[in-house]
Amino acid sequence: MYFLVSNKIMKFIKNIQYVLTILLIFFYAPVYGGDVQRLTVSAVGDIMCHDSQLAAALNRKTKQYDFKPMFHSIMPLLQQADLNIGNLETTLPGKEYKGYPQFGSPDSLAQAIKDAGFHILTTANNHSMDRGTAGLQRTLDILDKNKILYTGTYRSPAERMQRPFLTIEKNGIQLVLLNYTYGTNGIAVPRDVVVNLMQEELIRDDIAQARATNPDFTIVSYHFGNEYERLPSEEQKKFVNLAFAEGADVVIGSHPHVVQPYEIKRITDRYGVERDRLVMYSLGNFISGQTKPYTMGGLLLYFTLEKDKTGHRIKDVRHQQVFTVRPPGSFSLQPMPQLFDTALFKKLPAAKQTEIKDYYQDVEKHLLPSVRMAATFRSSAPATE
Ligand SMILES: [Zn+2]
């Protein structure tokens, strides 16, 4: 009898507990982070197309270029993010395909980039004008055809007026992306097209205009810095600080062709908003035919943009190294250290294996302060409006 009553009471208490839990989740979840919106972004550096890549992509029988196999091994890396951003450092002129110094690549490169998992390409860089007005315009037409979003260059001044920056809405988060380059290798930009140049006033005006659309996050991509330098220049720091002061949350850097550190800085912008802000000074090459020291690898940098009722924050900043392995006649972009366990790697000469492993370790060491900064910041991560 005693046990019977006790069991009934226990059942009653359990039911009450159940109802209370449901009520708690229902009323408090939105306040305590139940209603969180998250967008994981990956950014990569320069997507280039040198003569050696063209030769590797060409099928001599069909005369067609196929770049897809080059990206095959890194596709799972891009699938880890909701949004993948790269820098297209070539043009798509439709003819006369060549690498350095004035890049012009087959349209199938855009298709391979799309199929690999990229959503957005920045197009303002020192090679934007390599094939003149027609080359710049056609590049954007082909990106449209492949449903790749882009910003940084414009088919006309009217097009720039219409959308000076790119607005993306995904997973309930609205972000804007702006892109600028230090120059166009001395090639004049005619009045009928626009390449966004790193001019302080222009950047200030654009970010203010972007901010007026009330985005959750603002990303600025700069093509800047000194080639082959592994640390950011004073000029890079100046333009990063400018973007942050104007309200940017993230700055993505490319052009030096080698990896430079990333940093997280807590900065109050000119509107009085205090937030943690992320800069990657240079992500290095994503894929290229370059062979100079440190140019055969690059980074995918992941970060998560998060918002809830308590504010906006950047979380989970982490990097993934990639390396372009070049067995004779082919190109293969590979994640590291995963590469070291592959048959492809084991077939490479012993000296080459050592060289790649040394490079990997060297870059990890170079990025140690960045990794430490990301780890401390992840554990604190205070939310701010
Ligand atoms: Zn460049």
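Predicted model only: the values in this text are computed from it and were never measured.

### Observations concerning the overall build of the chain
Okay, step 1: For the chain, the count of helices and strands is 12 helices and 18 strands.
Okay, step 2: In the chain, which comprises 385 residues, the proportion classed as buried is 43%.
Okay, step 3: If you take every contact in the chain between residues at least 6 apart in sequence, the share linking residues at least 24 apart comes to 74%.

### As for unusual backbone geometry
Okay, step 1: With an omega dihedral of 5 degrees, the bond running from tyrosine 100 to proline 101 counts as a cis peptide bond.
Okay, step 2: For proline 101, the position within the fold is in the loop between β4 (83-88) and α5 (108-116).
Okay, step 3: Following methionine 336, the chain continues into proline 337 via a peptide bond in cis, with omega recorded as 15 degrees.
Okay, step 4: Phi at histidine 255 takes a positive value of approximately 120 degrees, unusual for a residue other than glycine.
Okay, step 5: Residue position: histidine 255 is located in the loop between β12 (250-254) and β13 (262-268).
Okay, step 6: Judged by the 23 C-beta atoms lying within 10 Å of it, histidine 255 is buried.
Okay, step 7: One non-glycine residue, aspartate 316, adopts positive backbone phi at about 50 degrees.
Okay, step 8: Mapped onto the fold, aspartate 316 is located in strand β17 (residues 311-325).
Okay, step 9: Since 14 C-beta atoms lie within 10 Å of it, aspartate 316 is described here as partly exposed.

### Details of helix α8 (residues 200-211)
Okay, step 1: Over its 12 residues, α8 runs 16 Å from end to end, which matches the ideal 16 Å to within 8%, given 1.5 Å per residue.
Okay, step 2: Looking only at α8, the buried set comprises Ile203, Asp206, Ile207 and Ala210. Each buried residue of α8 sits inside an arc of 95 degrees when the element is viewed along its axis, so together they form one side.
Okay, step 3: Looking at the buried residues of α8, the elements they touch are β9 (173-181), β11 (217-223) and α9 (234-246).

### Structural notes on the sheet that holds β13
Okay, step 1: Ordered in space as β8-β9-β11-β12-β14-β13, the 6 strands form an open sheet in which the pairing is mixed. Among the strands making up the open sheet, the edge pair consists of β8 (166-170) and β13. Averaged over all neighbouring strand pairs, the angle between strand axes comes to 20 degrees, with direction disregarded.
Okay, step 2: Packed on one face of the sheet, α8 meets β9 and β11 and runs near 170 degrees to β9.
Okay, step 3: This element, α9, spans β11, β12, β13 and β14 (274-280) of the sheet and lies at about 155 degrees to β12.

### Re the pairing of β8
On any regular strand, side chains alternate: one points to one face of the sheet, the next to the other face.
Okay, step 1: Relative to β9, β8 is paired through 5 bridges, and the arrangement is antiparallel. Within β9, the position partnered with leucine 166 by the bridge is leucine 177.
Okay, step 2: The hairpin turn running from β8 into β9, its antiparallel successor, is 2 residues long, and asparagine 171 in that turn takes a positive phi close to 55 degrees.

### Details of the packing of α8 against α9
Okay, step 1: Their axes nearest at 10 Å, the elements α8 and α9 cross at an angle of 30 degrees. One way to sum up the angle between α8 and α9 is to call them roughly parallel. In this structure, the crossing between α8 and α9 has a hand that is right-handed. Touching Glu200, Ile203, Arg204, Ile207 and Ala208 of α8 are Leu242, Ala243 and Glu246, all from α9.
Okay, step 2: Class assignment for the residues of the contact of α8 with α9 results in 5 nonpolar, no polar and 3 charged.

### A word on the nonpolar core
Okay, step 1: Counting 94 residues, the largest nonpolar core has Leu177, Ala243, Val250 and Val251 as its most contacted members.
Okay, step 2: Top contributing element to this core by residue count: β9, with 6 residues.

### Concerning the pairing of β13
Okay, step 1: Sheet topology note: the β13/β14 ladder contains 7 bridges and is antiparallel. Counted as the bridge partner of isoleucine 264 is leucine 278 from β14.
Okay, step 2: Counted between consecutive antiparallel strands, the loop separating β13 from β14 contains 5 residues, among which glycine 272 sits at a positive phi close to 85 degrees.

### With respect to the confidence of the model for the chain
Okay, step 1: Averaged over every residue, the pLDDT of the chain is 92; residues scoring 70 or more account for 90%.
Okay, step 2: Note that pLDDT drops below 50 for residues 29-33; the model gives that stretch 6 contacts with residues more than four away or on any other chain.

### Comments concerning the environment of proline 328
Okay, step 1: Mapped onto the fold, proline 328 is located in the loop between β17 and β18 (332-336).
Okay, step 2: Overall, proline 328 belongs to the exposed group, with 5 C-beta atoms counted inside 10 Å.
Okay, step 3: Taking the C-alpha atoms as reference, proline 328 lies 8.9 Å from alanine 56; in sequence the two are 272 residues apart.

### Quick look at the environment of leucine 300
Okay, step 1: Looking at the secondary structure, you find leucine 300 in strand β16 (residues 297-308).
Okay, step 2: Given 23 C-beta atoms within 10 Å, leucine 300 falls into the buried group.
Okay, step 3: With 215 residues separating them along the chain, leucine 300 and isoleucine 85 place their C-alpha atoms 9.5 Å apart.
Okay, step 4: Filtering out sequence-adjacent residues up to four positions away, leucine 300 remains in contact with Ser42, Val44, Leu77, His319, Gln320 and Val322.

### Points about the environment of serine 128
Okay, step 1: By the element assignment, serine 128 lies in the loop between β5 (120-122) and α6 (132-145).
Okay, step 2: According to the C-beta neighbour criterion, serine 128 is buried, with 29 such atoms within 10 Å.
Okay, step 3: Placed 38 residues apart in sequence, serine 128 and threonine 90 show a C-alpha to C-alpha distance of 6.8 Å.
Okay, step 4: Each residue touching serine 128, except ones within four places of it in the same chain, is listed here: Thr123, Leu136, Thr153, Thr181, Thr184 and Val195.

Criteria and thresholds
- In every chain, residue numbers begin from 1 and rise along the written sequence.
- Note on the predicted model: pLDDT of at least 70 is required for a residue's local features to be given, and 80 or more for side-chain atom pairs to be given and counted; whole-chain, interface and lining totals, by contrast, use all residues.
- Strands here are runs of E lasting at least two residues and helices are runs of H or I lasting at least four, both read from the DSSP assignment and numbered beginning at the N terminus.
- In this scheme every C-beta is placed from the backbone, and a residue whose C-beta has 20 or more other C-beta atoms within 10 Å is buried, one with 12 or fewer is exposed, and one in between is partly exposed.
- Note that contacts rest on C-beta atoms placed from the backbone: two residues are in contact if these are within 7 Å.
- In this analysis, the expected span of each helix is defined as 1.5 Å times one less than the number of residues it contains.
- Read the arc as the range of directions from the helix axis to the C-beta atoms.
- In this analysis, strands are considered paired if DSSP registers two or more bridges between them.
- Think of each axis as a best-fit line through the C-alpha atoms, taken over the contacting stretch in the case of a helix, with angles from 0 to 180 degrees between the N-to-C directions.
- Note on terminology: angles under 35 degrees are roughly parallel, angles over 145 are roughly antiparallel, angles of 65 to 115 are roughly perpendicular, and the others are oblique.
- Left-handed is the label given to a crossing in which the near helix is rotated counterclockwise from the far helix by less than a right angle, and right-handed is the label when the rotation is clockwise.
- Under the scheme applied, nonpolar residues are Ala, Val, Leu, Ile, Met, Phe, Trp, Tyr, Cys and Pro; charged residues are Asp, Glu, Lys and Arg; polar residues are all the others, including Gly.
- Among buried residues, those of type Ala, Val, Leu, Ile, Met, Phe, Trp, Tyr and Cys that are joined through C-beta atoms within 7 Å form a set called a nonpolar core.
- You can read pLDDT as the predictor saying how much it trusts each residue, on a scale of 0 to 100.

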